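# Examining the three-dimensional arrangement
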Amino acid sequence: MLRTLALLITLPAAATAQEVITHAYDGSFEEATFALENAIIGEGLVVDHISHVGEMLARTGADIGAETHLFDAADVYLFCSATTSREVMQADPKNLAFCPYAMFVESRGAETKIGYRSFARESMAPVNALLARIAAAATEF
């Protein structure tokens, strides 16, 4: 009984739930990626890396026996904000785990979307606001 209690006390807290937020983009995948990059740059930020997830899945699908086509195209953009990151990490240094921040563009069939994951932690509210601003700027018509 004491051993079980000790184990429960030392287990880490449950992961914080996250939600995926998507916005429809009325245009092509290429136009959406251009719009997202410009919105990120418009916030004074630099894209650190673009992960071409759609290409990777298409390239490796046959190797693992996959028969489902997931995306026509899908890219994930990674970036960080010195100001926002400092703010959220001063509130809780564990927020380091969420940096860099990621936004994605996906295209399936006739639909193109721009999205990101929101963070349930109250201390991550400034990041949620930043991502929402970028998504709104990228999808303004």
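Up top is the structure these notes are about.
Quick summary incoming for the structure in this document.

### Observations concerning the pattern of salt bridges
Where side chains of opposite charge bring their charged atoms close, a pairing between them can arise. Going through the model one piece at a time under the given rule, you end up with three salt bridges. Residues Arg133 and Glu43 are paired through a salt bridge, measuring 3.0 Å at the closest nitrogen-oxygen approach. Taken together, the residues Arg133 in helix α5 (residues 125-139) and Glu43 in the loop between α2 (29-42) and β2 (47-51) connect sequence positions 90 residues apart. Residue classification places Arg133 among the partly exposed positions, given a relative accessible area of 42%. On the basis of relative accessibility, which here comes to 31%, the residue Glu43 falls in the partly exposed class. Across the salt bridge formed by Asp92 and Arg121, the nearest N and O atoms sit 2.9 Å from each other. Of this pair, Asp92 sits in the loop between α4 (82-91) and β4 (101-108) while Arg121 is found in the loop between β5 (111-119) and α5, placing the two residues 29 residues apart along the sequence. Judged by relative accessible area, which is 24%, Arg121 ranks as partly exposed.

### Structural notes on the pairing of β4
Buried residues dominate β4, accounting for six of its eight residues. As paired elements, strand β3 (residues 73-79) and β4 share seven bridges and run antiparallel to each other. Across the sheet, residue Ala74 finds its bridge partner in β4, namely Glu106. As paired elements, β4 and β5 share six bridges and run antiparallel to each other. Note on β5: the bridge partner recorded for Glu106 is Lys113. The antiparallel hairpin formed by β4 and β5 contains two residues in its connecting segment, where Gly109 sits at a positive phi of about 60 degrees.

Definitions and limits used
Residues numbered from 1 in each chain as written. Predicted model: local features only at pLDDT ≥ 70, side-chain atom pairs only at ≥ 80, totals over all residues. Heavy atoms only, no water. Salt bridge = Lys/Arg side-chain N within 4 Å of Asp/Glu carboxyl O. Helix = DSSP H or I, 4+ residues; strand = E, 2+ residues; numbered from the N terminus. Buried < 20%, exposed > 50% of the residue type's maximum accessible area, 1.4 Å probe, protein only. Pairing = 2+ DSSP bridges.

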